Amino acid sequence: MNGNYEVNIGLEIHAQLTTQSKCFSSASTEFGKGHNNHVTLVCAGLPGTLPVLNDEAVNVAIKTAKALNCEIQEDSLFSRKQYFYPDMPKGYQITQYDRPIAKGGFVDFYLEGEKVRVPLERAHMEEDAGKSTHFGEYSLINLNRAGTPLLEIVSKPEITSASMAAAYARTVRQILRYAEVCDGNLEEGSLRCDCNVSVRPKGDETLGTKVELKNINSFRFIEKAIEYEIQRQIQCKETGEKIVQETRLYDSVKNKTFSMRKKEEANDYRYFPEPDLMALRLDESRIENLTKSLPEGPTEKMERFQKEFGLNLDESILLTSEKEMAEIFEDVNTKVSDPKLVSNWMASELLRLFNEGDIENWKDMPVERGDFADLLSMIQSKELSGKMAKEVLEEMWNSGKKPKEIVADRGLSLISDESEIEAQIDTIIGQNKEKVEEYKSGKEKLFGFFVGQVMKATKGQASPQVVNKILKDKLK
Amino acid sequence: MIDLSVEQIKEGVEKKEFSAEEVCKTFLDHCQKENPKTNALVRINEQSIQRARRIDEGKLTKGSLLGVPVIVKDNFCIKGLETTACSKILRNFVSPYTAFCIDRLEQEGAIIVAQSNMDEFAMGSSNENSAYGLCKNPIDHTRVPGGSSGGSAAAVAQKMAPLAIGSDTGGSIRQPASFCGVTGIKPTYGAISRFGMIAFASSLDQAGTMARTVKEASIGLQAMIGKDPQDATNVSFSFETPDFQSNKKYRVGIIKEYFDSGLQKETSDQLNQLIKKIEEKGWEVVEVKIPHTEYAIPVYYLVAASEASSNLSRYDGVRYGLRDIQREDGQNVNELSEFYKLTRTRGFGEEVKRRILLGTFSLSAGYYDQYYIKACQVRRLIAQDFQEAFKKCDHIIGPVTTHTAFKINEKCKDPIEMYKNDLLTVPSSLAGLPCMSLPLGHDDSNLPIGLQIISPAFEDSKMIEFAASVEKLLEDQ
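Residues numbered from 1 in each chain as written. Chains lettered and ligands numbered in written order. Predicted model: local features only at pLDDT ≥ 70, side-chain atom pairs only at ≥ 80, totals over all residues.

### Quick notes on the overall build of chain B
When you go through chain B residue by residue, the secondary structure sums to 16 helices and 11 strands. On the principal axes, the C-alpha backbone points of chain B span a range of 75 × 60 × 45 Å. Sorting the 477 residues of chain B into buried and exposed places 59% on the buried side. Excluding contacts between residues fewer than 6 apart, the proportion of contacts in chain B whose partners are at least 24 apart in sequence is 76%. (Helix = DSSP H or I, 4+ residues; strand = E, 2+ residues; numbered from the N terminus. Buried ≥ 20, exposed ≤ 12 C-beta atoms within 10 Å, placed from the backbone. Contact = placed C-beta atoms within 7 Å.)

Structure below.
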């Protein structure tokens, strides 16, 4: 049944831009401070107050749009989007309508091993609203967020599956975090995602009726909500029920979408050019300088990791999933010069500790990068076995101690001095002449017995590789 | 003392010939005495005496307006004072800050003695749309003082202060100045910061001054001009102090369409006499055309109402001003939209509601292109007309209104008739040009007739120089 339909999904992602002050006033944008503490006369929409565009917000918007490969428009315009709501003090939101700051652009990412591209329609600047909290008979308004600069990133409706939509949204978040223009926190609302979903019979030239899914606060739910919505719409088509243009919300407990308002109930926003602001004119050198200041993006980094370090796709995707993780990799590898070793240790042990621990960001990792590099060097020089290193790393993570310190405290250290191991082996062979004969006459199982004896004699600190090598020589 | 000019008061205070307190007291008393005749003022600021005392104590010793009493239209926010734009919806709103331009006046030593009556949110041409009741024309109490800065014009005519501040969106300084026989200047759009001036139509609103003479109005204007980073539409430009003794020769433009607009006989007679004098003086008189004049009224009312419908959205009863939650049946509202409706229905007056509806309609989906966008296009054509005209002349002179002050209630029933009163003042507003009104003479009923001067953008200072020359020419009559 699904095979007969084509799915078109377009995402509108609202990203709060990280600036010191608000988009049109000098109030701070700090999150989570006391209610209504970051509110100026302008934010509160007092009579006679006027907006003034924050240059920093424009700069961050340009950087963001550039990171998404958009074309920055030299001329753009702010408009008023009008509707009444208590947490929107002016009775209108200043936004960009018919002349956005950025057009076009695209986002590349890998989906099930294949590189895919989502083309963008546009990206435009706007101000955030405040926050209302409802308490039955009354509501409280916090205007701290009112006026925070946002960039709305609008994709073309060319996303074709729920998983692609979620992967696209994750990639946008990753790109924004790489560029340090948005902290990308869905739960705190610094990144918000509206999804427009439509289905049409295969071969139809026009898009199906679109339904907007709003206020979904995790990538997992984005995927589930869209998936549900696709099936619901296909079901409608199959049964001949009309799909109406509407806004729907997602109930994550029931895993269902439900109607919030129909198109006829939607506001006429009566957009018109904001007369309190001049048109925004950007000169080329400003755009150029900001573009230059952009760090390497995640996809470029990931592709470089494959080329430069010979890592495979999965490894490089994992290592570049967070900018700080990629930085740890590169830092540590500079000292260790064994990308595969660093990658393996990061992908397994380090990631396990990270996931099990209570930190949320790699930059808060309790293990110093230099110490981690030292640990890996000890594996390289055969001072530690893999098993020992795991133990050491765990303690490093928990205590923040240096690996050498832990090794000394625990009396761990792999004997890799061949002559010392050889002397031990000679003694053991001398003491077990009968077994040597049995081994030589074909009872190869006894090899394990000899290894065990050496390990016992060295208290487990002999390098297994060295033991194997010397034993094989001696027992020939 | 009430006859003293701005300069005379400033010099007297500076030289300690009299104290600022004395001046302030005199004008406050005069305000108290005169106001009941016209209702030009909505609030008399008795506390201003303390500011005057500070000047006398030497806290402020210099300033172009040192100790000069000033009356401010009720749409400029002043810290600690109620500021309502004469609307019920802002009743009891005490501003926590002072408008940039008013702050500039105070820095120059001005004493704000009172706040003046106006049409609610500056919407009107007669000062009949005020929550504080109408204001009467001081020359004939059966007539209107004009609007929307009717209170400021009347107050100057009644000598309640030598200087008053008004705002002009489509003629709100020039028309009442003309009706009350005083001088009023509206500078180039962008010359004076709008920060703190309660918005009516953002792309048109400009603060300006009213006084008995060109020079006094100019001194006030110069104090208010200055770059303000809080207003993105405020332009930084140098306003040179005008030469009030200038003997320059001018090419004076006469707009044909303005003279063909059905002028009252006395108005056209006196304008023609002035033109004759100008020619005799050896200045050149040229006829210029503003062909799109006939569209100015609809264009203005679409643009201004559209912007107003948006600017007035903030008066929702949530954060300040009127907040009505009790229905007529005594029950409280239980829905957000009902709360908005109740507050805004009771808070706004009829004319304001009419314009909000008109503006909301013209910005609505399906009508936006044919009304708002079209109006903006024609607005640009009008601006181009003026640019063409100024290729042929330095300044334009003409009437301010077709007729002198009309009777109270005469045009209230017919908004279109009322709007048509702005025919000759809105074209230059739409073009953002500096323009002013000065007393030309009187009609047969002794009502003042005003002369309008329109000049190229940012030539405010030159306009004032020219106006001073014309003023002298008229005095010599």
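Having seen the structure, we can now continue with the description.
### Let's talk about the confidence of the model for chain B
For chain B, per-residue confidence averages 96 on the pLDDT scale, and residues scoring 70 or more make up 100% of the total. Overall fold confidence (pTM) sits at 0.91, and the ipTM for the predicted complex is 0.96. (pLDDT = per-residue confidence, 0-100.)

### Let's talk about the nonpolar core
Judged by nonpolar contacts, the single largest core of 218 residues is most densely connected at Ala165(A), Tyr168(A), Val70(B) and Val113(B). Sort the elements by how many residues they give to this core and helix H2 (residues 162-178) of chain A lands first, with 11 residues. Residues within four places of Val70(B) in sequence aside, it is in contact with Leu65(B), Leu105(B), Ala110(B), Ile111(B), Ile112(B), Val113(B), Ala161(B), Leu163(B), Ala164(B) and Ile165(B). In terms of nonpolar packing, the next biggest core, distinct from the first, is built from 29 residues, Met325(A), Val342(A), Met396(A) and Trp397(A) among them. (Core = buried A, V, L, I, M, F, W, Y, C linked by C-beta atoms within 7 Å.)

### Details of the packing of helix H2 (residues 20-38) of chain B against helix H3 (residues 48-56) of chain B
Residues and elements named next belong to chain B. Interhelical geometry of H2 versus H3 gives an angle of 160 degrees and a closest axis separation of 7 Å. As far as their axial angle goes, H3 and H2 are roughly antiparallel. From H2, Ala20, Glu21, Val23, Cys24, Lys25 and Leu28 reach across to H3, where they touch Ser48, Ile49, Ala52, Arg53, Ile55 and Asp56. Grouping the amino acids of the contact of H2 with H3 by side-chain chemistry returns 7 nonpolar, 1 polar and 4 charged. (Axes fitted to C-alpha atoms, helices over the stretch in contact; angles between N-to-C directions. Parallel < 35°, antiparallel > 145°, perpendicular 65-115°, else oblique. Nonpolar A, V, L, I, M, F, W, Y, C, P; charged D, E, K, R; others polar.)

### Some remarks on unusual backbone geometry
Residue Ser148(B) is bonded to the preceding Gly147(B) through a cis peptide linkage, with omega at 10 degrees. Within the secondary structure, Ser148(B) sits in the loop between strand S3 (111-116) and helix H5 (150-157). In this structure, Glu180(A) is a non-glycine residue whose phi angle is positive, near 55 degrees. Relative to the assigned elements, Glu180(A) resides in the loop between H2 and strand S12 (191-201). Look at Ala85(B): it is not a glycine, yet its phi comes out positive at around 55 degrees. Relative to the assigned elements, Ala85(B) resides in the loop between strand S2 (69-73) and helix H4 (100-107).

### As for the pairing of strand S1 (residues 5-16) of chain A
All names here are of chain A. Bridge analysis of S1 against S12 gives 11 bridges, and the strand direction is antiparallel. Note on S12: the bridge partner recorded for glutamate 12 is aspartate 194. When S1 meets strand S11 (residues 149-155), the two strands line up antiparallel, connected through 5 bridges. Among the inter-strand pairings, histidine 14 is bridged to a residue of S11, identified as glutamate 152. (Pairing = 2+ DSSP bridges.)

### Quick word on helix H10 (residues 296-311) of chain B
Side chains three or four residues apart in an α-helix point the same way, a direct result of the helix having 3.6 residues per turn. For H10(B), built from 16 residues, the straight-helix expectation of 22 Å at 1.5 Å per residue is met to within 8% by its first-to-last C-alpha distance of 22 Å. Across the 16 residues of H10(B), 14 count as buried, placing the element largely inside the fold. (Expected span 1.5 Å × (residues − 1).)

### Section: the interface of chain A and chain B
Counting from both sides, the interface comprises 23 residues of chain A and, opposite them, 33 residues of chain B. Taken together, the residues that form the side of chain A that touches chain B break down as 14 nonpolar, 4 polar and 5 charged.

### A closer look at H2(B)
Residues and elements named next belong to chain B. For H2, built from 19 residues, the straight-helix expectation of 27 Å at 1.5 Å per residue is met to within 8% by its first-to-last C-alpha distance of 26 Å. Most pronounced at glutamine 32, the bend in H2 amounts to some 30 degrees, and the proline proline 36 follows within four residues. Within H2, burial applies to Ala20, Glu21, Val23, Cys24, Phe27, Leu28, Cys31, Glu34, Asn35 and Thr38. Buried residues in H2 make contact with helix H1 (6-14), strand S1 (41-44), H3, S2, S3 and H5. Where H2 ends, the next residue or the one after it, asparagine 39, has phi of about 65 degrees, a positive value. (Bend = angle between axes of the 7 residues up to and from the residue.)

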